[in-house]
Each structure stands twice: as C-alpha cells, then as structure tokens.
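# Coordinate inspection notes
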Amino acid sequence: MLVIDRSPSMQVWRETVSAFTGLLDRLGAFRTLQVRDLTVDPDDGVGLAGTGDLAAATGLGGP
C-alpha cells in the first residue's frame, strides 16, 4: 500500500508522486498496488481515503 499525503503543502510533489506510482506499477514487483490518500481533518483526525477494505482504516496513531 502506498499512502500519499494530499495536503496543499504537498502539491509541489504531485508529478513526482505520480511518476513514482507509475514506476512501481510498471516494475511488477508487487502483486497489487493500492494507493490511499492520507487525510487530516481537525474534527475527525487522521485517516486514509480510497477504495476497498483498507479505505476504512482509521485511528492512525502517532509515534
């Protein structure tokens, strides 16, 4: 699973992240490549957004 921070401050990395994701997909080293967006909401906290069962993952803890 590849987790991508989609916050406004990370927009400068959009093309690089897209290229990296494409590279991982083309390499074929992974059976599946699941991409999830890291979301941060003042009310809901930190979570993952995307499709599939892993999208419902919540409660990411701090270090």
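Residues numbered from 1 in each chain as written. Predicted model: local features only at pLDDT ≥ 70, side-chain atom pairs only at ≥ 80, totals over all residues. Heavy atoms only, no water.

### Here's the deal with helix α1 (residues 14–27)
To keep things clear, this is the line we draw: A run of H or I in DSSP counts as a helix once it spans at least four residues, and a run of E counts as a strand once it spans at least two, with each numbered from the N terminus. What a helix should span is 1.5 Å times the count of its residues minus one. Here the term buried applies to any residue with accessible area under 20% of the maximum for its type, exposed to any over 50%, and partly exposed to those in between, with areas from a 1.4 Å probe on protein chains only. By arc we mean the arc of the directions from the helix axis to the C-beta atoms, nothing more. Residues are treated as being in contact if the distance between any of their heavy atoms lies within 4.5 Å.
Compared with the 20 Å implied by 1.5 Å per residue over 14 residues, the 20 Å span of α1 between its first and last C-alpha is a close match. Taken as a whole, α1 has its buried residues at T21, G22 and L24. Burial along α1 is one-sided: seen end-on, the buried residues are contained in an arc of 160 degrees. In α1, the exposed residues that point more than 90 degrees away from the buried face are E15, R26 and L27. Looking at the buried residues of α1, the elements they touch are β1 (2–5) and β2 (35–41).

### Section: the environment of F30
Mapped onto the elements of the fold, F30 is located in the loop between α1 and β2. The exposure class of F30 is partly exposed, given its relative accessible area of 49%. Separated by 29 residues in sequence, F30 and M1 place their C-alpha atoms 9.7 Å apart.

### A short note on a nonpolar patch on the surface
Going by this rule: Each patch groups residues whose relative accessible area exceeds 30% and which form no salt bridge, using 9 Å between like charges and 5 Å between nonpolar side chains of Val, Leu, Ile, Met, Phe, Trp and Tyr. Note on areas: Shrake-Rupley, 1.4 Å probe, and residue coverage restricted to the protein chains presented here. For salt bridges, the criterion is a side-chain nitrogen of Lys or Arg within 4 Å of an Asp or Glu carboxyl oxygen.
Among the surface-exposed residues, M10, V12 and W13 lie close enough to one another that they form a single nonpolar patch of about 320 Å² accessible area. Along the chain, the position of M10 falls in the loop between β1 and α1. Since its relative accessible area comes to 31%, M10 is described here as partly exposed.

### Some words on the confidence of the model for the protein chain
Where we set the bar: The score called pLDDT rates the predictor's confidence residue by residue, from a low of 0 to a high of 100.
For the protein chain, mean pLDDT is 77; residues scoring 70 or higher make up 79% of the total. Per-element mean pLDDT across the protein chain ranges from 81 in strand β3 (residues 45–49) up to 90 in α1. Low pLDDT, under 50, characterises residues 52–63; the stretch is placed with 15 contacts to residues that sit more than four places away or in other chains.

### Quick look at the sheet that holds β3
Applied cut-off: Should DSSP find at least two bridges between two strands, the strands are taken to pair. Note on geometry: axes are lines fitted to C-alpha atoms, helical ones only across the stretch in contact, with angles between N-to-C directions running from 0 to 180 degrees.
The mixed open sheet is built from 3 strands, whose spatial order is β1-β2-β3. Bordering the open sheet on either side are β1 and β3, each of which pairs with just one other strand. Shown here is a sheet whose adjacent strand axes are inclined to one another by a mean of 30 degrees, direction ignored. The pairing of β2 with β3 spans 5 bridges and is classified as antiparallel.

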